[in-house]
Amino acid sequence: MYENIRIVLVNTSHPGNIGAAARAMKNMGLSQLYLVEPLSFPNADASARASGADDLLARATVCQSLEAAVAGCSLVFGASARLRSLPWPLAEPREAAAQIIGASKQTPVAVVFGREHSGLTNTELLCCNALVHIPCNEHFSSLNVAAAVQVLSYEIHMAGREGVTEVESDSPPATTADVERFFEHLEQALIEIEFLDPQQPRQLMRRLRRLYNRTRLEETEVNILRGILTATQKRVRDRLQ
């Protein structure tokens, strides 16, 4: 039922947390575990903490980068225990779960969990459409990564039981790879028209990523936007000749 939903753990340092996360996933019917550069895996501690979810560990996909782990996904949530200096689209687990269930009916989606002590870097955040934040005691808000996986897995399972539906569209959602190529094209075009100074970029591209990621671009929309960029670049180059 949830084959299109990936749980992605980034650079997990303690193998026991990987096993506990697998157990939390299997409790809620999730099975797609992706590991980005785990410190030690496979490992006996992971198997011991999995407590019967060894099959998820055996099938886990180990990746060398977050980009590889979310390749092909149309929606990526990054789990974060803290708010960032650059505002990013933010949802609580229940709201995020409804979006995840809806989007997963068409394409793969992912929920990304960062390192135990430092979470996701700002660079890794750029791979995410939005953040999901678990409300906790403001005086003690640090959740173990496996506990965070349990909370999100539960909300996803509950949203799945409620039969959330995705609004139909005549175009499939753009994948993360499609959107990343668009951002590369956009940056190149902005430099060519001298709107973006590569020596002093400030936070322009991050803000533009936030803007477009909020919309969850469709494949056709990406093609239209890239067509506009190509036409703009051609007009600028023609004038320089």
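Before reading further, recall that the structure is shown in the block above.
First, a word on scope: everything that follows refers to the structure included in this document.

### What to know about the packing of helix α1 (residues 15-27) against helix α7 (residues 145-161)
So, step 1. One way to put it is that α1 packs onto α7 with a least axis distance of 8 Å and a crossing angle of 15°. Here α1 is positioned roughly parallel relative to α7, judged by the angle of their axes. With respect to the hand of their crossing, α1 and α7 are arranged in right-handed fashion. Contacts between α1 and α7 pair Asn17, Ala20, Ala21, Ala24, Met25 and Asn27 from the former with Val145, Ala146, Val149, Gln150 and Ser153 from the latter.
So, step 2. Looking at the contact of α1 with α7, its residues break down into seven nonpolar, four polar and no charged.

### As for the pairing of strand β2 (residues 32-36)
So, step 1. Burial within β2 is extensive, with four of its five residues counted as buried.
So, step 2. In this region the chain leaves strand β1 (residues 5-10), passes through α1 and returns to the parallel neighbour β2; the handedness of that crossover is right-handed.
So, step 3. Pairing of β2 with strand β3 (residues 61-63) involves three bridges; the strand directions are parallel. Residue pairing in the sheet places Val36 in a bridge with Cys63 of β3.

### Section: the side chain of Thr12
So, step 1. By secondary structure assignment, the location of Thr12 is in the loop between β1 and α1.
So, step 2. Apart from residues lying up to four places away in sequence, Thr12 is in contact with Asn17, Ile18, Pro38, Leu39 and Glu116.

### Section: the nonpolar core
So, step 1. Counting 39 residues, the largest nonpolar core has Leu9, Leu33 and Phe113 as the members making the most contacts within it.
So, step 2. The element contributing the most residues to this core is α7, with six residues.
So, step 3. What Leu9 contacts, discounting residues up to four positions off in sequence, is Ile18, Ala21, Leu33, Tyr34, Leu35, Val36, Phe113, Val145 and Val149.
So, step 4. Val8, Val112, Cys127 and Cys128 belong to the second-largest nonpolar core, a separate cluster that totals 19 residues.

Conventions we followed
Residues numbered from 1 in each chain as written. Predicted model: local features only at pLDDT ≥ 70, side-chain atom pairs only at ≥ 80, totals over all residues. Heavy atoms only, no water. Axes fitted to C-alpha atoms, helices over the stretch in contact; angles between N-to-C directions. Helix = DSSP H or I, 4+ residues; strand = E, 2+ residues; numbered from the N terminus. Parallel < 35°, antiparallel > 145°, perpendicular 65-115°, else oblique. Left-handed = near helix turned anticlockwise from the far one by under 90°. Contact = heavy atoms within 4.5 Å. Nonpolar A, V, L, I, M, F, W, Y, C, P; charged D, E, K, R; others polar. Buried < 20%, exposed > 50% of the residue type's maximum accessible area, 1.4 Å probe, protein only. Right-handed = clockwise from strand over helix to strand, strands pointing away. Pairing = 2+ DSSP bridges. Core = buried A, V, L, I, M, F, W, Y, C linked by side-chain atoms within 4.5 Å.

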